[in-house]
Amino acid sequence: MKKLMWVSCVFAMILCGCSAHQTDQIEPYSVLLGSTPDHNQEEPNGKLLYDLLRQASASTVNTYQETGFVVDRYSGANHLKTLVFEQDGWTYCIDERFNYLDSIPTVITIKRFKDNEQELISLNMNEDGSYQTAEFVTRKPEVNGDKMVVMEQPILEAVGDDGFAMIEKFPDYFIVWKETDEQIEDPLTIILWTITDRQELKERLSSSEFKKTGMIFSQGLPLRIECNSEGTIIRWSTVSGDDKKGEIYPSGNLDKGFYADLMDQHPSENEIISVPENAFLD
């Protein structure tokens, strides 16, 4: 758990100060896709991978921005769902962490962002199924506070195998290529990426700002990402084994107002909170 938290912090530090319109400076998704090889040419093209993931994440946010969306991730026995939505000028990112095979989260972390402000609180499950609040925290945002950067972050963490910031820093160690599944009405584009030299990258990481995390990329790479014709990300998985996989879908009829009301109340530490069933992610 500590390692996952550190990875998110490193990712946030890398994005801190980035313009939310950074994708405007990148070629459009369709152009990037056209530049992506149709097979693994074994030549590093990590800058293309970085740009492609940024544009696909932006496309995904644009698709679901009005409804909100869920990033549903499995990594071995770990299960994390992140709900992202906007309400009353705030951008919310709500993490639900599950023990293996559990249907009710053991920890709910609620973050919301506006302008140059971030508020955060965690709810920890008690034995009776109620939740107890941790300290309510107000601080400067981990990222620059712009809603697009905030909303893209959980997507980029997922499709970047928790190492998106490393892809940006060390592009010469990554390869991306594509395949097309034309067996369906709306053909899927399948983006695949992997590492060129795992051992050498590990050594580079050990003497960089990533030395505390080290080599975090899955042994199951390549990562296979399915996108529709607009670049919206649908699902992903590691090719070798099923240790990492996930999908993105609209948030549906969740009680988002519960989380907004709770944050507006600025609850004290150790309060007992009853979370309604319709506020949980299905």
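So, here is what we can say about the structure in this document. Just so it is clear, the model here is predicted, and its values are computed rather than measured.

This next bit is on the pairing of strand 5 (residues 117-125). In the sheet, strand 4 (residues 107-114) pairs with strand 5 via eight bridges, with the strands oriented antiparallel. From the neighbouring strand, V107 faces strand 5, where its bridge partner is N124. As paired strands, strand 5 and strand 7 (residues 137-139) are joined by three bridges and run antiparallel to one another. Paired with L120 across the strands is V137, a residue of strand 7. Summarising the sheet, strand 5 and strand 6 (residues 131-133) pair through three bridges and their orientation is antiparallel. Looking at strand 6, one finds that L123 is bridged to T133. Linkage of strand 5 to strand 6, two consecutive antiparallel strands, is achieved through a turn of five residues, within which G129 is found at a positive phi near 95°.

Let us look at the environment of D38. Tracing the chain through its elements places D38 in the loop between helix 2 (29-35) and helix 3 (46-64). Separated by 140 residues in sequence, D38 and K178 place their C-alpha atoms 5.1 Å apart. Setting aside its immediate chain neighbours within four residues, D38 contacts W177 and K178. In this structure the side chain of D38 is engaged in a polar contact, spanning 3.0 Å, whose partner is the side chain of K178.

Below, the discussion takes up the pattern of salt bridges. This model, assessed by the stated rule, comprises eleven salt bridges. Between K47 and D51 there is a salt bridge, and its shortest N-O distance comes to 2.7 Å. With K47 and D51 both in helix 3, this residue pair falls four residues apart, about one helical turn. Judged by its relative accessible area of 9%, D51 is buried. Among the ionic pairs, R235 bridges to E226, the shortest N-O distance being 2.5 Å.

The omega torsion of the bond from L221 to P222 falls at 10°, within 30 degrees of zero and hence cis. Its place among the elements puts P222 in the loop between helix 6 (198-206) and strand 10 (223-227). A positive phi angle, close to 50°, is found at D115, a residue other than glycine. Residue position: D115 is located in the loop between strand 4 and strand 5. Note on D115: relative accessible area 62%, which makes it exposed.

Definitions and limits used
- Residues numbered from 1 in each chain as written.
- Predicted model: local features only at pLDDT ≥ 70, side-chain atom pairs only at ≥ 80, totals over all residues.
- Heavy atoms only, no water.
- Pairing = 2+ DSSP bridges.
- Helix = DSSP H or I, 4+ residues; strand = E, 2+ residues; numbered from the N terminus.
- Contact = heavy atoms within 4.5 Å.
- Polar contact = N/O pair within 3.5 Å; in protein donor to acceptor, adjacent residues only side chain to side chain.
- Salt bridge = Lys/Arg side-chain N within 4 Å of Asp/Glu carboxyl O.
- Buried < 20%, exposed > 50% of the residue type's maximum accessible area, 1.4 Å probe, protein only.

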